[in-house]
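Notes for the structure review
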Amino acid sequence: MITLLTDFGNSDFYVGSMKGVLLSINPHIQIVDITHNVSSQNIEQGAFLLKQVYHYFPQGTIHVVVVDPGVGSNRNIIAVETEKYLFLAPDNGVLKYIYNDCSDYRVIAITARAYFLAEVSTTFHGRDIFAPIAGHLSLGVDIRDLGEECSDYLKPEIIKPVREKNKIMGEIIYIDSFGNCITNIEKEIIQEKEKLQITIKNKILPGIESTYSAVKRGESLALLGSSGMLEISINQGNAHKRLGIEVGDKIVIEGSDEDKDKKKKEKRKK
Amino acid sequence: MITLLTDFGNSDFYVGSMKGVLLSINPHIQIVDITHNVSSQNIEQGAFLLKQVYHYFPQGTIHVVVVDPGVGSNRNIIAVETEKYLFLAPDNGVLKYIYNDCSDYRVIAITARAYFLAEVSTTFHGRDIFAPIAGHLSLGVDIRDLGEECSDYLKPEIIKPVREKNKIMGEIIYIDSFGNCITNIEKEIIQEKEKLQITIKNKILPGIESTYSAVKRGESLALLGSSGMLEISINQGNAHKRLGIEVGDKIVIEGSDEDKDKKKKEKRKK
Amino acid sequence: MITLLTDFGNSDFYVGSMKGVLLSINPHIQIVDITHNVSSQNIEQGAFLLKQVYHYFPQGTIHVVVVDPGVGSNRNIIAVETEKYLFLAPDNGVLKYIYNDCSDYRVIAITARAYFLAEVSTTFHGRDIFAPIAGHLSLGVDIRDLGEECSDYLKPEIIKPVREKNKIMGEIIYIDSFGNCITNIEKEIIQEKEKLQITIKNKILPGIESTYSAVKRGESLALLGSSGMLEISINQGNAHKRLGIEVGDKIVIEGSDEDKDKKKKEKRKK
């Protein structure tokens, strides 16, 4: 089984020719499109989408990720083998969450031209290198036959939320097509706190709801989304458009815990 | 075989993770995308699209419909078994045309958590409930093992055209991506009438054409479309944009039959 | 294996019902979507996309192309058999590059109603004729059983670049979703020349680059693209939008070859 995650769109010959190459090498392969609508050359977006889907697939799945602004430059193409999966991607950090999630993995810089198409263009390695390599991997070619193990691959830091005493400061890392704004704050961090107050874009939300319908239609809310992250949404609406939230916007969560409240009351008494 | 009809779009991780879950449970299943571009939470649109496609699929197909504004509320998820197919959907009326088309069917309210993903989010039951249930159904699980039969499911009325003596009054129920405007007036009703005059949005059309090319390029026409319904179109153009027609707009068909014509002639004679 | 290339979009019931018909006839067929986003009724675009993908598929693939402004008129539907593939399309020129690429082929005008759906609409032959014919072909039906061989099929001329002494004059024939502007000037023609100067839309480009990253981010360049054609692009940008280039725009390539240079130098000496 092979999945495809690219920024090639669904309107051109790019995806179709990749599939043609794959199926010419292995006509019995099952190809699953994750999406081809990653914003053009947006590595961060590709990385996030991959993180969200890869682990739902059966063991042995080959995940092919082609978000590749450096195509034709001297960036490497890498194959990464984890315990359960194979990944094929340009070495530009698009696999950063894989490195983070998997304790044990091996990175190979691909050089075995014998597995490329006979003619390799400078602008479309998806068809000329990624697809034929993935096809041959699906037939059982060993990744050690594709090139040398490589240790200087790009491994960008994952921006984690900053945690102070009663504060968590995070940011928006992804906006989905419903306009839900996904933060880098994981469910587990939130669940340690109580009596939360969430501030984003001068908007204050009074806590975490458990479903969209916990607020009225058109009202905004914070909830622990299906991504496993804190999300800012509007019930049956588009938080991105309505609240003007963009990727990179900061979000602050204050946990007004019991002790803090008591202190305040004592102060007032004085 | 499993079909997917959702409003998740093609740009996010939603559809990809549903497919991952399905294929992890049954790697041999064939998944067919109907569309993932139903307008966000538009139950009517989902219902119409399903009606148009489901009966073309082979017997035994499992149709999974996730247009689910009530996700996370206490709405049921239901499995509906008809003579030829299985349907999986939220209980919000999106299956209304199925109830209408099929004389004999059974509705089960799904409660068998053993078939859900271990962790169920409040916002993405497509991945956490629909996909694993569909996967298990495709492996032969009996729908009676999923929950109790249920009789109080939502069964919204289907708006039928109003028929008076020489008039049929209907409305636009769907606009396709070519801008063709599809009414709720079925072919069979029209075919009883003759010498038709069609009024929509102050535009009068002189009858039913049999093909787009029966009128000049850019001219509007009424025809019996591939949906089996009366449609308003423009030859090689977009009737929705050019004529400003929207879903819900009324359409009136007058059948000036023989008798009526005779009466008019007699009046003139006097 | 069957590929689908249409202008039906991904939001309607059109593609889903085609697949339902195909799979009802042959449940074991593998269907590959090339794209359904050809601009509405744009035969040229469909023809170009087909040219780019068909030859990457395994021998025996059935390529179904439905870009069909004449649906319901008396245009023929044709099956074309080449050495390696079968093509199914309306007879409107959308296969022109196939005729050009393949020395040996046979064209059949399809008339065998026994293989159509029982009810054939006037507006959606994709579902009612193309899909069932393709399904039956995939089961081994001989194309000679579908109709008579036909010699008066539409074979539009392919616009070739004009070549003068030191000039090549071509035009833009396709713009992809990245905004790359693809010309009708093939790689092989360019490679004969040297010291090139390219003029398009009053913009002068100093030669052919080998990769996008040969110029700075945001700068325009000419390169030999993955289509095998000369393309005008912007590194990490959209040449179509930024330079205002449209399909049909003229492009002039001047090859300032050695002799010409020598002459200039001599002139200066005088």
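Just so we're clear, the structure is a prediction, and the values are computed from it rather than from any experiment.

**Describing the overall build of chain A**
Check the secondary structure of chain A and you find 7 helices and 16 strands. Considered along the principal axes of its C-alpha atoms, chain A spans approximately 80 × 35 × 30 Å. Each of the 270 residues in chain A was classed as buried or not, and the buried ones make up 56%. Counting contacts in chain A only where the partners sit at least 6 residues apart, residues at least 24 apart contribute 65% of the total. Charged side chains of chain A number 33 positive and 36 negative; the gap between the two group centres comes to 11 Å.

**Regarding the environment of B:Asp128**
Residue and element names in this part refer to chain B. Tracing the chain through its elements places Asp-128 in helix α4 (residues 125-138). With relative accessibility at 1%, the residue Asp-128 sits in the buried group. As a C-alpha pair, Asp-128 and Phe-116 span 12 residues in sequence and 6.0 Å in three-dimensional space. Those residues within four positions of Asp-128 in sequence are excluded, and the remaining contacts are Phe-116, Leu-117, Glu-119, Val-120 and Ser-121.

**Observations regarding the relation of the copies chain B and chain A**
Its rotation angle being 120°, the transformation that places chain B on chain A also includes 0.0 Å of axial translation and leaves an RMSD of 0.0 Å. Expressed as a symmetry operation, the mapping of one chain copy onto the other fits a three-fold axis. In this assembly the copies use different faces: only 3% of the residues contributing to the interface of chain B also contribute to that of chain A.

**Some points on the relation of the copies chain C and chain B**
By a simple turn and slide, chain C fits onto chain B: the slide is 0.0 Å along the axis, the RMSD is 0.0 Å, and the turn is 120°. Interface overlap between copies: only 3% of the residues of chain C at the interface are likewise at the interface in chain B, consistent with a contact formed by different surfaces.

**Examining the sheet that holds strand β7 (residues 147-149) of chain B**
All names here are of chain B. One open sheet holds the 7 strands; their spatial order is β2-β1-β3-β5-β4-β6-β7, and the pairing between them is mixed. Of all strands in the sheet, those bounded by a partner on one side alone are β2 (31-35) and β7. For this sheet, the mean angle separating the axes of adjacent strands, direction not counted, is 20°. Where strand β6 (residues 105-110) meets β7, 3 bridges bridge the pair, whose relative direction is antiparallel. Paired with Ala-109 across the strands is Glu-148, a residue of β7. Lying on the sheet, helix α2 (residues 43-53) is in contact with β1 (2-6), β2, β3 (62-66) and β5 (86-90); it crosses β1 at an angle near 150°. Each of β1, β3, β4 (77-82), β5 and β6 touches α4; the most contacted strand, β3, lies at about 175° to it.

**Things to note about the interface of chain C and chain B**
In this complex, chain C contributes 29 residues to the contact, which on the side of chain B involves 32 residues. For the pair chain C and chain B, the two sides together bury roughly 2,400 Å², of which 54% comes from carbon and sulfur. Contact with chain B buries area across many residues of chain C, yet C:Asp12, C:Phe13 and C:Thr123 alone supply 24% of it, more than any other trio. Joining chain C to chain B, the criterion identifies 1 salt bridge. Among the elements that make up the side of chain C that touches chain B, the one with the highest residue count is helix α1 (residues 14-25) of chain C (8 residues). Across the side of chain C that touches chain B, the residue classes tally to 11 nonpolar, 13 polar and 5 charged.

**Here's the deal with the sheet that holds strand β6 (residues 106-110) of chain A**
Residue and element names in this part refer to chain A. Strands sit in the order β2-β1-β3-β5-β4-β6-β7 across an open sheet of 7 strands; the sheet is mixed. In this open sheet, the two edge strands, each paired with only one partner strand, are β2 (31-35) and β7 (147-149). Strand-to-strand twist across the sheet, computed as the mean angle between neighbouring axes with direction ignored, equals 20°. Summarising the sheet, strand β4 (residues 77-81) and β6 pair through 4 bridges and their orientation is antiparallel. For Ile-78, the partnering residue across the bridge sits in β6 and is Ala-109.

**Concerning the layout of surface pockets**
In this structure, the second largest pocket spans a volume of roughly 620 Å³. As for the second largest pocket, its lining consists of 24 residues, of which A:Lys187, A:Ser226, A:Ser227, A:Gly228 and B:Glu119 are closest to the centre. Elements supplying a minimum of two residues to the lining of the second largest pocket: α2 (43-53) and α5 (187-191) of chain A. The element contributing the most residues to the lining of the second largest pocket is α5(A), with 3 residues.

**A short note on the pairing of β2(A)**
Taking burial as the measure, the 5 residues of β2(A) include 4 buried ones, the bulk of the element. Assessed by its sense of winding, the connection that carries the chain from strand β1 (residues 2-6) of chain A through helix α1 (residues 14-25) of chain A to β2(A) is right-handed.

**A look at the state of the cysteines**
Applying the stated criterion across every chain yields a total of 0 disulfides over all chains. A:Cys102 takes part in no disulfide bond, and the closest cysteine sulfur, belonging to A:Cys150, lies 17 Å away.

**Notes on the packing of aromatic side chains**
Scanning all chains against the criterion turns up 42 aromatic pairs over all chains. Centroid distance A:Tyr85 to A:Phe87: 6.2 Å. Interplanar angle 70°. Geometry classified as edge-to-face. You'll find A:Tyr85 and A:Phe87 in the same group, each marked buried. Summarising the aromatic geometry, the rings of C:Tyr54 and C:Tyr85 are spaced 5.8 Å apart at their centres and angled 85° between planes, so their arrangement reads as edge-to-face. Linking C:Tyr54 in the loop between α2 (43-53) and β3 (62-66) with C:Tyr85 in the loop between β4 (77-81) and β5 (86-90), this pair joins segments that are 31 residues apart in sequence.

**As for α2(B)**
Residue and element names in this part refer to chain B. Within α2, 9 of the 11 residues are buried, leaving the element largely enclosed by the surrounding structure. Three or more residues of α2 are buried, namely Gln-45, Gly-46, Ala-47, Phe-48, Leu-49, Leu-50, Lys-51, Gln-52 and Val-53. Sitting at the amino-terminal end of α2 is Asn-42, which places a side-chain oxygen 3.4 Å from the backbone nitrogen of Glu-44.

**As for the interface of chain B and chain A**
Contact residues are listed per partner, giving 29 residues for chain B and 32 residues for chain A. Summed over both sides, the interface of chain B with chain A buries roughly 2,400 Å², with 54% coming from carbon and sulfur. Connecting chain B to chain A are 1 salt bridge. The partner of A:Lys187 in a salt bridge is B:Glu119, with the nearest N and O atoms 2.3 Å apart. At the surface where chain B touches chain A, the tally comes to 14 residue pairs in polar contact (both at pLDDT 80 or more). Ranked by residue count, the leading element in the side of chain B that touches chain A is helix α1 (residues 14-25) of chain B, at 8 residues. Taken together, the residues of the side of chain B that touches chain A break down into 11 nonpolar, 13 polar and 5 charged.

**Side note on the packing of α1(C) against helix α4 (residues 125-138) of chain C**
Residue and element names in this part refer to chain C. For the pair α1 and α4, interaxial distance at closest approach is 8 Å and the crossing angle is 30°. When the axes of α1 and α4 are compared, the crossing they make is right-handed. Residues Ser-17, Met-18, Val-21, Leu-22 and Ile-25 of α1 pack against Gly-126, Arg-127, Ala-131, Pro-132, Ala-134, Gly-135 and His-136 of α4. Residue composition of the contact of α1 with α4, by class: 7 nonpolar, 4 polar and 1 charged.

How each quantity is defined
Residues numbered from 1 in each chain as written. Chains lettered and ligands numbered in written order. Predicted model: local features only at pLDDT ≥ 70, side-chain atom pairs only at ≥ 80, totals over all residues. Heavy atoms only, no water. Helix = DSSP H or I, 4+ residues; strand = E, 2+ residues; numbered from the N terminus. Buried < 20%, exposed > 50% of the residue type's maximum accessible area, 1.4 Å probe, protein only. Contact = heavy atoms within 4.5 Å. Lys, Arg positive; Asp, Glu negative; His and termini not counted. Charge placed at Lys NZ, Arg CZ, Asp CG, Glu CD. Least-squares fit on C-alpha atoms with pLDDT ≥ 70 in both. Pairing = 2+ DSSP bridges. Axes fitted to C-alpha atoms, helices over the stretch in contact; angles between N-to-C directions. Buried area = accessible area lost by both parts, 1.4 Å probe. Salt bridge = Lys/Arg side-chain N within 4 Å of Asp/Glu carboxyl O. Nonpolar A, V, L, I, M, F, W, Y, C, P; charged D, E, K, R; others polar. 1 Å grid on protein atoms, 1.4 Å probe; cavity = no way out; pocket = protein on both sides within 12 Å on 5 of 7 lines; lining within 4 Å. Points joined across faces, edges and corners; volume = space filled by probe spheres on them. Right-handed = clockwise from strand over helix to strand, strands pointing away. Disulfide = S-S within 2.5 Å. Phe/Tyr/Trp six-rings, centres within 6.5 Å; stacked < 30°, edge-to-face > 60°. Polar contact = N/O pair within 3.5 Å; in protein donor to acceptor, adjacent residues only side chain to side chain. Left-handed = near helix turned anticlockwise from the far one by under 90°.

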